[in-house]
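Working through the structure, step by step
Here is what each chain is made of, one letter per residue.
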Amino acid sequence: MSLKNKIRSWLLKKESAPNDNQPNIPPHPQVLTDQYLPVSDPNVARLSTYVTQINDILATACKLAKQSFYPIDIHELTRVEFVTNPPTKTGRPPRVFEKATFGRDSVSDNAMYGNVSLDPAGKVLGLTVTAWKARGRGSLGMHVTTGANDGDIQITKITMLDSDGGKTVVYDKTKTKKPKTNKSRVHEIKDDEERAALLPASQKYIQSIVKSKYRSFPETPFISEYREKFTQWKKHMNDSVMPTRTIPRERMVRKDGLLPGDVYLLYWVDNFGMSRKIPVYFEFDFGIDFVKEYEMLLKNNYISNDGITLTTKGKSVLEERYQIVKDWNEGRKR
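Residues numbered from 1 in each chain as written. Predicted model: local features only at pLDDT ≥ 70, side-chain atom pairs only at ≥ 80, totals over all residues. Heavy atoms only, no water.

Before going further, it helps to examine the layout of surface pockets. Taken as a whole, the second largest pocket encloses approximately 400 Å³ of empty space. If you go around the second largest pocket, you meet 21 residues; those closest to its centre are Ile57, Asp152, Ile153, Thr312 and Lys315. Of all elements in the fold, only helix 3 (51–65), strand 6 (152–162) and helix 11 (312–320) reach the threshold of two or more residues within the lining of the second largest pocket. The residue inventory of the lining of the second largest pocket, partitioned by class, reads six nonpolar, nine polar and six charged. (1 Å grid on protein atoms, 1.4 Å probe; cavity = no way out; pocket = protein on both sides within 12 Å on 5 of 7 lines; lining within 4 Å. Points joined across faces, edges and corners; volume = space filled by probe spheres on them. Helix = DSSP H or I, 4+ residues; strand = E, 2+ residues; numbered from the N terminus. Nonpolar A, V, L, I, M, F, W, Y, C, P; charged D, E, K, R; others polar.)

And the structure:
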């Protein structure tokens, strides 16, 4: 037996031995387990402050890779190590001041491990995480690497792994072209009604509605070609029995450059990405041109360059003005 196998055998026997201070959990059949730290360990406590950020990255990676993995959690099987890098030759603190390495492997839990790079202030500069849907023949894993962009941590690469050592890159930001926005997708949509919903109506049609309903509004609501060609909206505009719904004035007032519809757009992208058909309520209830406002949010760093992930700035706005989302969702249930 080689020295490496002797050490492996010794550790496995040691782990399987009864221990009053550790839970009697059998070692993983394929992963060399370590001596796990108790939850009260200060390193584990420090790691817990970054768990939400790690899970946000993992959730985004799952969306991009169209896979599902359990989020990381902190318990008695978590092992953590913080390593501080030495100062530079000039005596200044290094850019990556500290790196936290974490991992967990067990029979009853998915294996997950990685590291978090921190600056001198404790801010995350980047992280890597590898998650497995169990460890054994035929199992599937996902390795995610990230980088910082304008203060935000963004995914740079996703690699799918298999138990036989196979690797398949499913996302590589360095080789990914800038995602198509709905403006460039308009001419690819085959359905006439769906395509018309993204294009403005004729000026004559728009002016006739604005003159009647929105003349004093601070901003003109978006009126689509779909409304003009495929609905009887204008015909029933002044109907006393079944009037068509109009946009409330307050929904066309910008706060810090954003309309209420922009806030709901952030919520929609955060929950559904860009794979669904764009709902008509963005026009008929919020009065916004989805294409125009989406591109504005992308340009102004509310949505990251992958086109489906909110930046820290976008998440902050959504959290601050979430009452708009709540009121709208509750109104739809009535």
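Here we come to the packing of aromatic side chains. Between two aromatic rings, the relevant description is the distance of the centres plus the angle of the planes. This model, assessed by the stated rule, comprises 18 aromatic pairs. Ring centres of tryptophan 268 and phenylalanine 282 lie 6.0 Å apart, and the angle between their planes is 85°; on these two criteria the pair is classed as edge-to-face. Taken together, the positions of tryptophan 268 in helix 8 (residues 260–272) and phenylalanine 282 in helix 9 (residues 281–284) put the pair 14 residues apart, joining distant regions of the chain. In terms of burial, tryptophan 268 and phenylalanine 282 fall into one category: buried. Among the aromatic side chains, those forming a connected cluster through ring pairs are Tyr264, Tyr267, Trp268, Phe272, Tyr281, Phe282, Phe286, Phe290, Tyr294, Tyr322 and Trp328. The ring of phenylalanine 286 is capped by arginine 251, whose NZ or CZ atom sits 5.3 Å from the centre of that ring. (Phe/Tyr/Trp six-rings, centres within 6.5 Å; stacked < 30°, edge-to-face > 60°. Buried < 20%, exposed > 50% of the residue type's maximum accessible area, 1.4 Å probe, protein only. Lys NZ or Arg CZ within 6 Å of the ring centre and 35° of its normal.)

Here the focus is empty space enclosed by the protein. For the coordinates displayed, the defined rule picks out one cavity of 30 Å³ or more. Lining the largest cavity, in full, are Ala197, Leu198, Phe222, Ile278, Pro279, Val280, Phe282, Glu283, Ile288, Asp289, Phe290 and Val291. Those elements that place two or more of their residues in the lining of the largest cavity are helix 9 and helix 10 (290–299). Taken together, the residues that form the lining of the largest cavity break down as 10 nonpolar, no polar and two charged.

Okay, the pattern of salt bridges next. In the structure shown here, the tally under the stated rule is six salt bridges. With its nearest N and O atoms 2.9 Å apart, the salt bridge here joins arginine 227 to glutamate 283. With arginine 227 in helix 7 (residues 225–230) and glutamate 283 in helix 9, the pair connects residues that are 56 residues apart, well separated along the chain. Like glutamate 283, arginine 227 is buried. Between glutamate 293 and arginine 254 there is a salt bridge whose closest N-O contact spans 3.2 Å. (Salt bridge = Lys/Arg side-chain N within 4 Å of Asp/Glu carboxyl O.)

This next bit is on the nonpolar core. Formed by 45 residues in total, the largest nonpolar core has its most connected members in Tyr264, Leu265, Phe282, Phe290, Tyr294 and Ile303. When contributions to this core are tallied by element, the ones reaching two or more residues are helix 6 (203–214), helix 8, helix 9, helix 10, helix 11 and helix 12 (322–333). When residues of this core are assigned to their parent elements, the largest contribution, seven residues, is made by helix 8. With near-sequence residues (within four places) excluded, leucine 265 lies in contact with Phe282, Ile288, Phe290, Glu293, Tyr294, Leu297 and Ile303. Judged by nonpolar contacts, the second largest core, of 28 residues, contains Leu47, Phe102, Val124 and Leu127. (Core = buried A, V, L, I, M, F, W, Y, C linked by side-chain atoms within 4.5 Å. Contact = heavy atoms within 4.5 Å.)

Summarising burial for strand 6: eight of the 11 residues are buried, a large majority. Across five bridges, the pairing between strand 6 and strand 7 (residues 167–172) is antiparallel. Bridge assignment links lysine 157 to a residue of strand 7, and that residue is aspartate 172. Hairpin remark: strand 6 followed by strand 7, antiparallel, with four residues in the connecting loop; positive phi at glycine 165, about 95°. (Pairing = 2+ DSSP bridges.)

Another point: unusual backbone geometry. Even without a glycine there, the phi angle at lysine 66 is positive, about 55°. Mapped onto the elements of the fold, lysine 66 is located in the loop between helix 3 and strand 1 (79–84). The class for lysine 66 is exposed, based on a relative accessible area of 75%. At aspartate 256, a residue that is not glycine, the phi angle is positive and equals roughly 55°. The residue aspartate 256 is located in the loop between helix 7 and helix 8 in this model. Residue classification places aspartate 256 among the exposed residues on the basis of a relative accessible area of 68%.

This part covers the packing of helix 8 against helix 10. Where helix 8 contacts helix 10, the axes come no closer than 10 Å and their chain directions differ by 80°. By the angle between their axes, helix 8 is roughly perpendicular relative to helix 10. Taking contact as the criterion, the partners of Asp262, Leu265, Leu266, Trp268 and Val269 in helix 8 are, on helix 10, Phe290, Glu293, Tyr294, Met296 and Leu297. (Axes fitted to C-alpha atoms, helices over the stretch in contact; angles between N-to-C directions. Parallel < 35°, antiparallel > 145°, perpendicular 65-115°, else oblique.)

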